[in-house]
Amino acid sequence: MANGQNGLAPAYGLTAAVAVLDSELGRVTMLSSPSALTLESHSIELGTDLAATRVSADRKTLFALSRGVQPQRTPHDERPQLLLIDGQSTLQATRSYTLTEPMNQLVLDPKNEWAVVYGSAGVVVNLNELVLVDLAQTGSEALSFKTLLSFGGSPKRFTFTAPLAVPGGAPRRFLIVERDSDLVLIDLSRPDRDAVTVPLPSTDRGEAASSAQVVYDADTASIAVRVTGTTSVFMLQLAAPAQDGQAYSVVTNLVDVGGLPTAIDFVHNTQGLRLVALVGSSAVLVDPDTATTQSVQMPAAFTGIRRITDELNPAAMPAADGDVALLYGPNITKIAYFNLSGAPGALFRSIEPYEIGVSVKNVIDVPGEAYFDHKILETPNQQFYVLDLHTRESAPMKTNGALTLEVAPDGARVWAYNPGQSGFASVDFAKLHPVSLIAERQVSNVFDIEASSGQRTAIALHLAPGTNVGIGATVLDALSPSTANARFYSGLELGGLK
Amino acid sequence: MRARLGLLPALVGAFLLVAASVHAEPLAPHQPYVQGSLGLRASKVADAGYDPFSDSDELLQVSVGLGGTLFRHHSWSLAAVGFWDYGQKSSSARGSLTSLDVHRLSVGPELRYHLLPRLYFFAHALPAFAHSSASLDDGVLQVARYARHWSYGLDGAAGAAFEVYGATSGAIRPRVWAIAEGGYGYLGSTPLEMSPDPGQGPQRPSSVDLGTLSLAGPYLRVSAAVGF
């Protein structure tokens, strides 16, 4: 899922570069490392009046949405555009899409196939107009303009699905747009087709409700929506066309799970697909076909659920064996493994709790192949846990300040730092050995990039506070970080560097 | 037009008459044995390397000169002259304060011709040595970066000097001259790799490369001189 919140971060980590926004000059300064402990910089012009920047999920591309020159006075005035910058090899602008109207919001598809821009800034604004950008195409052919029929409200969140196996057609991807009181389904295989708008049910008090969470199952083309203020989960089934002219039909259902759910997800047990809803201290399993429910008592009122089946065994067949999910919550000092591979009658012993002493507000995935079975448990306070899902061992890491975590794109280590402080640390997943480092200036961000030589380079950014535009960096060997041989770079905003 | 053409020979004739009458005054006392000057040198520096240190292309320097006549022959004389020029400019680059200090020393021969006892023209070609110190207050580094270099070149100029005060004749006495010259000052380029002084700032700092700086360009110097 992606949200379309506005805003520009000062710096972005890409696979082989760090992109530092230089809004004053309308450019981005790309910092790359040709070899160990070295840094190069060059600048790339961004469009005029930058509105939003995002990094693709694979960190290979930086997207920059600009409004262009407004108002337009001559035919040569720069148009609004979406600029793509390669952050892996060329480190140059590779493509741009010219837009007809200035837009403010940018949402990226995690699979890097689509981008959505919306939220125009003209005299008359159509809040429900989306521009879908097919990233496989170039030029104006890539753009699809879509106005969503509205019962009131505007886009809030977007979910790009995996290919859904809709009966009567080839599996295809959908874009689910959550609005104030409805959902919109856009078939990404034919974005020119009419979108399907599905009103959300009202709350249990009869008031207007909004969606709090959307999940889907690709194999059965099922979608479930957690709706605010109701004990029911809103189920949608994409089915074969019910009448001529339809590409598919939508069958909806409401399933009461007995309380206000705090999280939902689709899982597979030995009997098939189930929707699990966390309700208080119970996990309620819903059969999407029959709407029957089965409840299991949890050892605590977990409010978060994350499927970890693939991390435990990437080759597993979830439908046959059953999923495993991690349960957690920001107010509970436990985590639990919810194993759905047992017999239906053994559901009561399917949840194994582990006391870890701290609560978990977020579960961070580890990319790459070496430590895909590790999760980082982010706590509301100054700690984080590295959890090995296979051994179920957790390694608590305590920090002496507020915490920002940056997982290296190669998935071999995590960097922890507190913006504005000079201290930062690296934790290698192989040994779980933290290396604490003290930079000679305050650190604003830490990034881990691949050098041209193939080595890993850590860049601790020092951005001058306030209106000063100074850019500096401490450069370290990411695999063996030490300030004893780190190099200090500054004046990067000036363009010259040796 | 015909009336104007007729006026020109008359003016030339009158000027030669005045010159001949002034030449009746002895020339030697007006050919300074030693001359010290104080003035201003304004250079135009078009090099892009100068931009971080100045909002304009002008470089204004205080100019101190010293000269001594080596040889005289009628209206001609040959002197050895030298100048020390000093100027400082400051500006900002992307919010960081910058400054440039320039010392320029030029020494060489100067050929003079006295058209009148109180007026002489001169030309000189002076080998020049300049020391520039460029600095950049690095907000992230929190210390200043410097690039200090010597450069070499040649100042070629011509000008005129007019005696505004002094006895018409007699023994050697102080005489005050107003001097103006214009020319071109060439100096080689120097690199602007800005680095903090050793021991200053973080360990192993990189340098910031702002390109090269050439202070070559046309210049104008005006000065007041006291000669004996």
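Residues numbered from 1 in each chain as written. Chains lettered and ligands numbered in written order. Predicted model: local features only at pLDDT ≥ 70, side-chain atom pairs only at ≥ 80, totals over all residues.

Draft legend 1. Representation of the overall build of chain A in the model. Helix and strand counts for chain A come out as 2 helices and 41 strands. For 498 residues, the compact-globule estimate of 2.2 N^0.38 gives 23 Å, and the C-alpha radius of gyration of chain A, at 24 Å, lies within 12% of that figure. Taking the principal axes of the C-alpha coordinates as reference, chain A spans close to 70 × 60 × 40 Å. Residues classed as buried in chain A amount to 42% of the 498 residues present. The long-range share in chain A, meaning contacts at least 24 apart out of those at least 6 apart in sequence, stands at 44%. (Helix = DSSP H or I, 4+ residues; strand = E, 2+ residues; numbered from the N terminus. Rg over C-alpha atoms; globule rule 2.2 N^0.38 Å. Buried ≥ 20, exposed ≤ 12 C-beta atoms within 10 Å, placed from the backbone. Contact = placed C-beta atoms within 7 Å.)

Draft legend 2. Summary view of the overall build of chain B. Within chain B, the regular secondary structure consists of 1 helix and 10 strands. Taken from the N to the C terminus, the helices and strands of chain B come in the order α-β-β-β-β-β-β-β-β-β-β. Looking at chain B alone, contacts between residues at least 24 apart form 66% of all its contacts between residues at least 6 apart.

Draft legend 3. Structural view of the nonpolar core. Residues A:Val18, A:Ala115, A:Val117, A:Ala277, A:Leu327 and A:Ile459 are the most contacted members of the largest nonpolar core, which totals 138 residues. Apart from residues no more than four positions distant in its own chain, A:Ala277 is found in contact with A:Val233, A:Val257, A:Pro261, A:Ile264, A:Val284 and A:Val286. (Core = buried A, V, L, I, M, F, W, Y, C linked by C-beta atoms within 7 Å.)

Draft legend 4. Layout of the interface of chain A and chain B. Counting residues at the interface gives 19 residues for chain A, matched by 19 residues for chain B. Of all the secondary structure elements, the ones that give two or more residues to the side of chain A that touches chain B are strand 37 (433–443), strand 40 (471–477) and strand 41 (487–489) of chain A. With 3 residues, strand 41 of chain A is the single largest residue contributor to the side of chain A that touches chain B. Of the residues contributing to the side of chain A that touches chain B, the split by class is 7 nonpolar, 7 polar and 5 charged. (Nonpolar A, V, L, I, M, F, W, Y, C, P; charged D, E, K, R; others polar.)

Draft legend 5. Highlighting the domain arrangement of chain A. All names here are of chain A. When cut into domains, chain A gives domain 1 (150–256) and domain 2 (282–398). The straight-line distance from the C-alpha centre of domain 1 to that of domain 2 is 26 Å. Counting residues per element, the ones that place at least two in the side of domain 1 that touches domain 2 are strand 20 (232–239) and strand 21 (249–256). Among the residues making up the side of domain 1 that touches domain 2, the classes are represented as 3 nonpolar, 2 polar and no charged. (Domains from an automatic or database assignment.)

Draft legend 6. Focus on the pairing of strand 33 (residues 393–398) of chain A. Examined bridge by bridge, strand 32 (residues 383–388) of chain A and strand 33 of chain A share 6 bridges and lie antiparallel to one another. Of the residues in strand 33 of chain A, the one forming a bridge with A:Asp388 is A:Glu393. (Pairing = 2+ DSSP bridges.)

Draft legend 7. Looking closely at the pairing of strand 31 (residues 374–378) of chain A. Residues and elements named next belong to chain A. Summarising burial for strand 31: 4 of the 5 residues are buried, a large majority. In this structure, strand 31 lies alongside strand 32, joined through 5 bridges in antiparallel fashion. Residue pairing across strands places Leu 377 opposite Tyr 385, the latter belonging to strand 32. Connecting strand 31 to the antiparallel partner strand 32 that follows it, the hairpin turn spans 4 residues.

Draft legend 8. Broad picture of the sheet that holds strand 30 (residues 362–365) of chain A. Residues and elements named next belong to chain A. Ordered in space as 30-31-32-33, the 4 strands form an open sheet in which the pairing is antiparallel. Looking at strand neighbours, the two that pair on one side only are strand 30 and strand 33, the edges of this open sheet. The mean angle between the axes of side-by-side strands here comes to 25 degrees, regardless of whether they run parallel or antiparallel. Across 4 bridges, the pairing between strand 30 and strand 31 is antiparallel. Within the sheet, the bridge partner assigned to Ile 364 lies in strand 31 and is Ile 376. (Axes fitted to C-alpha atoms, helices over the stretch in contact; angles between N-to-C directions.)

Draft legend 9. Fine view of the confidence of the model for chain A. On average, residues of chain A carry a pLDDT of 89, and 95% of them reach 70 or more. Counting contacts from residues 1–5 of chain A, a segment whose pLDDT is below 50, to residues more than four positions away or on other chains yields 13 contacts. (pLDDT = per-residue confidence, 0-100.)

Draft legend 10. Region of the structure containing the environment of A:Ser249. Residues and elements named next belong to chain A. Among the secondary structure elements, Ser 249 is positioned in strand 21. Residue class for Ser 249 comes out partly exposed when judged on the 16 C-beta atoms lying within 10 Å of it. Sequence separation of Ser 249 and Thr 262 is 13 residues, and the distance between their C-alpha atoms is 29 Å. If we skip the residues at most four places from it in the chain, Ser 249 touches Ala 239, Ala 240, Pro 241 and Ala 242.

Draft legend 11. Structural context of unusual backbone geometry. A cis amide bond, omega -5 degrees, links A:Gln70 with the succeeding residue A:Pro71. In this fold, A:Pro71 is placed in the loop between strand 7 (61–66) and strand 8 (81–86). Of note in the backbone geometry, A:Ala221 takes a positive phi value of approximately 55 degrees without being a glycine. The exposure class of A:Ala221 is buried, given the 23 C-beta atoms found within 10 Å. Located in the positive-phi region is B:Gln142, a residue other than glycine, with phi close to 65 degrees.

Draft legend 12. Spatial organisation of the environment of A:Asp365. Along the chain, the position of A:Asp365 falls in strand 30. Sequence spacing of A:Asp365 and A:Val407 is 42 residues, and the spatial spacing of their C-alpha atoms is 8.5 Å.

Draft legend 13. Inspection of the sheet that holds strand 39 (residues 456–463) of chain A at higher detail. All names here are of chain A. What the 4 strands build is an open sheet, ordered 38-39-40-41; its pairing is antiparallel. Since the sheet does not close on itself, it has two edges, and those belong to strand 38 (445–450) and strand 41, each with one partner. Neighbour to neighbour, the strand axes of the sheet diverge by 25 degrees on average, direction disregarded. By the bridge criterion, 7 bridges tie strand 39 to strand 40 in an arrangement that is antiparallel. Bridging across to strand 40, Ala 458 finds its partner in Leu 476.

Draft legend 14. Up close: the environment of A:Gly47. Residue and element names in this part refer to chain A. Considering the arrangement of structural elements, one finds Gly 47 in the loop between strand 5 (40–45) and strand 6 (50–55). Taking the C-alpha atoms as reference points, Gly 47 and Leu 476, 429 residues apart in sequence, are found 32 Å from one another. With residues up to four places along the chain from it excluded, the contact list for Gly 47 reads Ala 64, Ser 66, Gly 68, Glu 78, Gln 81 and Leu 83.

Draft legend 15. How the structure looks around the confidence of the model for chain B. Residue and element names in this part refer to chain B. With 85% of its residues at a pLDDT of 70 or more, chain B has an overall mean of 87. The lowest-confidence element of chain B is helix 1 (residues 2–22), averaging 46 in pLDDT; the highest-confidence one is strand 1 (residues 34–44), averaging 96. Residue range residues 1–8 is modelled with pLDDT below 50. Its contacts to residues more than four positions away, or to other chains, number 0 contacts. Here residues 10–22 scores under 50 on pLDDT; set against residues more than four positions off or in separate chains, the count is 3 contacts. Interface confidence for the predicted complex, given as ipTM, is 0.73, next to a pTM of 0.84.

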